[in-house]
Each structure stands twice: as C-alpha cells, then as structure tokens.
Amino acid sequence: MFNDIFSKEKIAAGRLRELDWLKGLTVLAMFINHVHFILLMDKDIPFFMFVSHLWRKLLGPSAFVFCMGMGCVYSQNSGWRDNIRRGFRLLSYGFGLHIFFFPICTLFVYQFTHDKFDLMLLLNTYGSDIFQFAGLSFLLLGAMKAAGLYSIGKVLLVGILLSIFGTFINDYNVHNLFLNQTIGFFVGNDCTHFPLANWFIYVAAGIAYGSLYSRIRDKAAYHRIVLPTTLLASAILLYISFNVPNPYLLKYFSPEDFYHYRVGIFDALVDILVVICAISLFAKLPENLPMGILSNFSKYLSNYYIVSWIVIELEVCTMKLTGIHADFPANILSGALLVIATTALTHLGVKLYLKYGKAKLEPIFTGRAYMIAVFAITIAFDLFIINYIEQCGK
C-alpha cells in the first residue's frame, strides 16, 4: 500500500492548489485580523473576534511558516548561498517595513498627537516580526547546508530542540533594552514577536512534510487516510490544550495579548496537525472550483503582506491625525467596510507594483546597498530613541 501511494523519487509538480487555497484564505483572514486589531482596536465584535482568534492561534502565521518550509522542498534555488542571500533579503524587508511604520509614519503622527503610546511604538523599529524570523530561518538553513549538516532529520531535530528550549526559556531579561530586543529575535521576552527558538519548528516540520508530500503519487488515497486521522488527532489535542492546565504547554492559548507568539512545543504540534488537516481538506475541493483573488493572494503572498501593512499604517495615520481612531464606531458594518477597503487598496497596490514598479524597484530592494542602509538606519534610530525615552523619563 505504501508503494502504491508514494514514489521513491520526488515527483515534479506545478502549483499545488491545496496550498493556494490554504494560503489564499489565510491572507484574507489576515486582512480581517489586522483590521480588527489595528483599526478597530480589538473591540468586542463577535465575527471579527472569532476570525482573529482563529488566525492568531491556529491557521495564521503557523500556516504561512509551515508552507514556507514546504516551499523550500520545491524551490529551484535551494543552495546554501541562495538561503543566505534570501535570509538577509527577508531581514531587510522586515526592517524596511518597520522604518516605514515607525521612524516615518509614527514619528510624523507623534509630532501632532504627542501621544506617549506613539512614542513608545518607536521602540518597535528594531523588533522581531515574521519577516525577520523568516530571514533568520533561512540564515540557519544556509549555515547548516554550508557546514554539511543539512538533512531532513537534522533540520527536524534542530526544530524540536529549539522548540523545547523556547518552551521553557522565555521572559528572559538582561535589564538592557537594546540587548533584550536583540535576544527577542531568538528567545521569547517582552520585546519579541516570532522568536526563532519557538517558531523554527514550523519551518522544520514544513520541510519534512514537503519532502514526504513531493513523493505522493496517489493523492486521493493519501488524503483519505490523512484527513480523518489529523482531524481526530487535532480535536483530541485541542481538547487537552484547553482543559489541562499546565504553564509549560499552554502558552499559545493564553488569553494574554501577544503571549501566543511564545508558542510551546505541544501547541506547535497542535498547529502542525491542524495545518496538515487543512491541506488535506483543501485537496478534496473540486479542481474546477474557481479560486478568484485567492490565487493572487497565494502566488504573491509577500507582496500582499507588505502592501497590506503599508495600507493599514496609512489608514491608522489618517484616523489618528483626524482624531477618529479612538472613537471610531466599531461594529460589524464598519469592520466589513474597512476590510473591503483595505483588501481593495492592497490588491490595487500589488497590481500596480507588479505592473509598473517591480522591474525598477526589485533590483534596489535586493541590492547590498539597500540592505546595509536599512540595517544601519534601524540600529541607529533604535539607539537614538532608547536614549531619548530614557532622557524623557529622568
């Protein structure tokens, strides 16, 4: 039976529609979550709360990162130098976005609002986020390949060991803000989003699963087994995670804001099973079922992520400068209109970039000069703002 389902060799494949469905719907959920959290300030709107909770804690960043790992298996440019270059490029994208958010947009707004919250937001300039995590992941993969230590088993072992480490070692504080920010890229603390130790297991699991998935010759038979198995296993583990109190295993389901970024190994296992289950579920959809805009969301995921954040940041600036952000009517109608507007503007921005900007801008954004400038500006501004805030507090 095993030989009927799997081939000994990797089978060539085009775009995997099941992954396109998963990533496309996850991008749509991301728009809803970001509108709810940023523009509607996490107000109590049942539909938005449900989607946001689902996105943040089950099928959101974990699905993106798992699919990124699977993509490593199918990539044509997977040498160690390719990984290193991609790692630095992703780091520069993340810090470039942060420079736009904070030294440019937030600092501009602060000149008018003099809101202490906006001032403290500037400390996020040198902060970890999903692009920074992805960059560090590719640097780690590149280093393992360069040292001759790369194999599916070794990557998975590193992911598991890092996850165990990240589960038990968190809230690490050396009482120096800059050092805490730096440590936050690797281990969970108050300055962290997506620390490498906690999240690399998704990349490793994605690579391992992608290696298996790339050898499937009979997908129908495979998904007939995997779908009910992962569905049952996910349900059991989710039940355990919600009903068995344990301070080391339930970090991902903590009600505290942002604490889910310090995902523990048990919760990562739940996420991975849910993502695999979702892939099998989407594989069951009819081949002729139209994907519409979801296909674009998946194909140009990084572009949609970057442009959506630019759109949302400009919306936030507009709302703050006009004084309507805090008092904006938060309900299902206003939320739906904001999601539609944000999605439409993001889609337009991506289309314009791909048609008119990519050929001119991509060489700049992937160039060494841009990367050096972004890293230098990030560090210099962060040290300046830390000193400024410390002086203001004296």
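Residues numbered from 1 in each chain as written. Predicted model: local features only at pLDDT ≥ 70, side-chain atom pairs only at ≥ 80, totals over all residues. Heavy atoms only, no water.

Caption draft 1: Molecular detail of the overall build of the protein. Scanning the protein for helices and strands turns up 16 helices and zero strands. Relative to the compact-globule value of 21 Å for 394 residues, the protein shows a C-alpha radius of gyration of 21 Å, a close match. Principal-axis analysis of the C-alpha atoms gives the protein an extent of 70 × 55 × 50 Å. Taking all 394 residues of the protein together, 49% fall into the buried category. Within the protein, residue pairs in contact and separated by at least 24 positions form 80% of the contacts whose partners lie at least 6 positions apart. Put simply, the protein shows about 19,200 Å² of open surface, and 67% of that area lies on carbon and sulfur atoms. For the protein, the distance from the average site of its 30 positive side-chain charges to the average site of its 24 negative ones is 11 Å. (Helix = DSSP H or I, 4+ residues; strand = E, 2+ residues; numbered from the N terminus. Rg over C-alpha atoms; globule rule 2.2 N^0.38 Å. Buried < 20%, exposed > 50% of the residue type's maximum accessible area, 1.4 Å probe, protein only. Contact = heavy atoms within 4.5 Å. Areas by Shrake-Rupley, 256 points an atom, 1.4 Å probe, with all protein chains shown as cover. Lys, Arg positive; Asp, Glu negative; His and termini not counted. Charge placed at Lys NZ, Arg CZ, Asp CG, Glu CD.)

Caption draft 2: Representation of the environment of F31 within the structure. Relative to the helices and strands, F31 resides in helix α2 (residues 17–39). For F31, the residues in contact, after removing those within four places along its chain, are F297, Y304, S308, T343 and T346.

Caption draft 3: Representation of the packing of helix α4 (residues 61–74) against helix α12 (residues 265–283) in the model. One way to put it is that α4 packs onto α12 with a least axis distance of 10 Å and a crossing angle of 70 degrees. In terms of orientation, α4 and α12 fall into the roughly perpendicular class. Facing S62, A63, F66 and M70 of α4, the residues of α12 in contact are D271, I272, V275, I276 and I279. Here the residues of the contact of α4 with α12 are counted per class, giving seven nonpolar, one polar and one charged. (Axes fitted to C-alpha atoms, helices over the stretch in contact; angles between N-to-C directions. Parallel < 35°, antiparallel > 145°, perpendicular 65-115°, else oblique. Nonpolar A, V, L, I, M, F, W, Y, C, P; charged D, E, K, R; others polar.)

Caption draft 4: Spatial organisation of the side chain of S128. Secondary-structure assignment places S128 in the loop between α6 (116–121) and α7 (130–146). Taking relative accessible area as the criterion, S128 reaches 2% and is therefore assigned buried. For S128, the side chain forms a polar contact with the main-chain oxygen of H193, separated by 2.6 Å. (Polar contact = N/O pair within 3.5 Å; in protein donor to acceptor, adjacent residues only side chain to side chain.)

Caption draft 5: α12, seen in detail. Look at α12: 27 Å from first C-alpha to last across 19 residues, which is about the 27 Å you get at 1.5 Å a residue. Judged by how many residues are buried, α12 sits mostly within the fold: 15 of 19 residues are covered. (Expected span 1.5 Å × (residues − 1).)

Caption draft 6: A look at the nonpolar core. Counting residues in hydrophobic clusters, the biggest one holds 99 residues, and the most contacted among them are F66, Y209 and I279. Among the elements that take part in this core, helix α10 (residues 196–213) stands out by supplying 11 residues, more than any other. For Y209, the contacting residues outside a window of four places in its chain are F66, M70, Y222, V226, I276 and I279. Core analysis: the second largest hydrophobic core is formed by seven residues, L58, L238, V270 and L273 among them. (Core = buried A, V, L, I, M, F, W, Y, C linked by side-chain atoms within 4.5 Å.)

Caption draft 7: Geometry of the pattern of salt bridges. Following the criterion strictly, the structure yields six salt bridges and no others. Between D20 and R15 there is a salt bridge, with the nearest N and O atoms lying 2.7 Å from each other. The class for D20 is buried, based on a relative accessible area of 5%. Of the charged contacts in the structure, one is a salt bridge between D82 and R85, with a shortest N-O distance of 3.1 Å. Placement of both D82 and R85 in helix α5 (residues 80–113) is noted, with a separation of three residues, approximately one turn of the helix. A relative accessible area of 24% places D82 in the partly exposed class. The class for R85 is partly exposed, based on a relative accessible area of 48%. (Salt bridge = Lys/Arg side-chain N within 4 Å of Asp/Glu carboxyl O.)

Caption draft 8: Molecular detail of the packing of aromatic side chains. Under the counting rule described, the total for this entry stands at 24 aromatic pairs. Both rings, one in F31 and one in F297, keep their centres 5.5 Å apart while their planes meet at 90 degrees; by these two values the pair is edge-to-face. Highlighted residues: F31 in helix α2 and F297 in helix α13 (residues 293–299), separated in sequence by 266 residues. Note on accessibility: F31 and F297 belong to one class, buried. (Phe/Tyr/Trp six-rings, centres within 6.5 Å; stacked < 30°, edge-to-face > 60°.)

Caption draft 9: Expanded view of the side chain of S7. Tracing the sequence through the fold places S7 in the loop between α1 (2–5) and α2. The class of S7 is buried, set by a relative accessible area of 14%. Polar side-chain contacts of S7 include one of 3.1 Å to the backbone oxygen of E9. What S7 contacts, discounting residues up to four positions off in sequence, is R215 and R217.

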